[in-house]
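Survey of secondary and tertiary structure
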Amino acid sequence: MHPAAREQEARAGFEGSAFVTGAAGFAGAHLLELLPGAVAPSREELELLDAAAVRDAVREAAPDAVWHLAALASVGRSWEAPAETIASNVAMTANLLEAVRLEAPAAAVVLISSGEVYGPPERLPVDEDAPLRPQNPYAVSKAAADLLGGQYTDAVDLRVVRLRPFNHCGPGQGDDYVVGTLTRQVAEAEAAGASEAVVHTGNPDSARDFCDVRDVVRAYVAAAGLRPGAYNVASGSALSVRDLIELVRAAARIPVRHEIDPARVRAHDVPEVRGDASRLREATGWSPSIPLERTIADALDAWRQALGAAR
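Here the structure is a predicted model, which means the values were calculated and not measured.

Regarding the packing of aromatic side chains
Under the definition given, this model contains one aromatic pair. Residues Tyr 118 and Phe 166 carry aromatic rings whose centres are separated by 6.1 Å and whose planes lie at 25° to one another, so their mutual orientation is stacked. Taken as a pair, Tyr 118 in the loop between β3 (108–112) and α6 (137–156) and Phe 166 in the loop between β4 (159–165) and β5 (167–169) lie far apart in primary sequence, 48 residues in all. In terms of burial, Tyr 118 and Phe 166 fall into one category: buried.

Quick word on the side chain of Asn 95
Along the chain, the position of Asn 95 falls in helix α5 (residues 82–103). Of note is the side chain of Asn 95, whose polar atom sits 3.4 Å from the backbone oxygen of Leu 49. Residue contacts for Asn 95: discarding those within four places in its chain leaves Leu 48, Leu 49, Asp 50, Ala 51 and Val 54.

Brief notes about helix α9 (residues 241–251)
Among the residues of α9, Val 241, Leu 244, Ile 245, Leu 247 and Val 248 are the ones counted as buried. Along the long axis of α9, the arc covered by the buried residues comes to 160°, so they all point the same way.

A short note on the pattern of salt bridges
By the definition in use, this model includes 24 salt bridges. Close ionic contact of Asp 127 with Arg 123 constitutes a salt bridge, the shortest N to O distance being 3.3 Å. According to the relative accessible area criterion, Arg 123 is partly exposed, its value standing at 45%. Asp 212 is the salt-bridge partner of Arg 214, the closest N and O atoms lying 2.7 Å from each other. Just as Arg 214 is buried, Asp 212 falls in that class too. Among the charged side chains, a network of salt bridges with common partners joins Arg 55, Asp 56, Arg 59 and Glu 103.

Cut-off values and rules
- Residues numbered from 1 in each chain as written.
- Predicted model: local features only at pLDDT ≥ 70, side-chain atom pairs only at ≥ 80, totals over all residues.
- Heavy atoms only, no water.
- Phe/Tyr/Trp six-rings, centres within 6.5 Å; stacked < 30°, edge-to-face > 60°.
- Helix = DSSP H or I, 4+ residues; strand = E, 2+ residues; numbered from the N terminus.
- Buried < 20%, exposed > 50% of the residue type's maximum accessible area, 1.4 Å probe, protein only.
- Polar contact = N/O pair within 3.5 Å; in protein donor to acceptor, adjacent residues only side chain to side chain.
- Contact = heavy atoms within 4.5 Å.
- Arc of directions from axis to C-beta.
- Salt bridge = Lys/Arg side-chain N within 4 Å of Asp/Glu carboxyl O.

Right, dumping it as structure tokens:
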């Protein structure tokens, strides 16, 4: 599908006033392109840990739908600050849900959870009935927020749609994530005039389910019309880090050499994860449509532009 057609499809899936948290983040920025009229306060404008401030903001916005993306989202950093990650992510979610309950109870809430909540899969692909076995503090925080969203549906009949996106990547992603760091390393080498780019990774055989972030936010928009419940956002297939390096190599302007950095190897890594998004597809017709070759090329171009602007 042509990008303009995808955007038209996503906008057609939601009409009304929108309130978005985490709009300054990677996925949030792409979501705003599909919700141009949304109220999207920054963390400076709205402290989500301040329950009264959140309630005031929701009352003023009077939204028909709320997208909750704000979170401390780095798995690596969550190991360094587990208590802060868990407490902050759960408190921000609780404050927002309570604000919607009190000030906009008819609004749909699209709560962005994570495929990380499943942990080591008992079977592949992972569907929404799989048990939650989070394996890092970030995943624990997301599992707790996910359960809290379900509890608000059960207890006070709030329309909470819990999306569990698996890995997503694309232009604008930071280097805390595998595609972001691979493409940045190549763009830096190109900018420096190096004869080759040496990319460093952790476990190269770790395989994950990747979607383009622009496809993922289409799912976020479509989710505003869903019944409450949990829905995976996934492609259903997995690529290893080695596979990603080959895609980066194809998009690079110079040769790319790979080295494993033991410091980047996670102690509790799950070998392979891929998700089953049948529930979402059957409810909305959504499926990913952007090939990862384009995703990687666009991500690399974004780093080239960012590094060029910095110079």
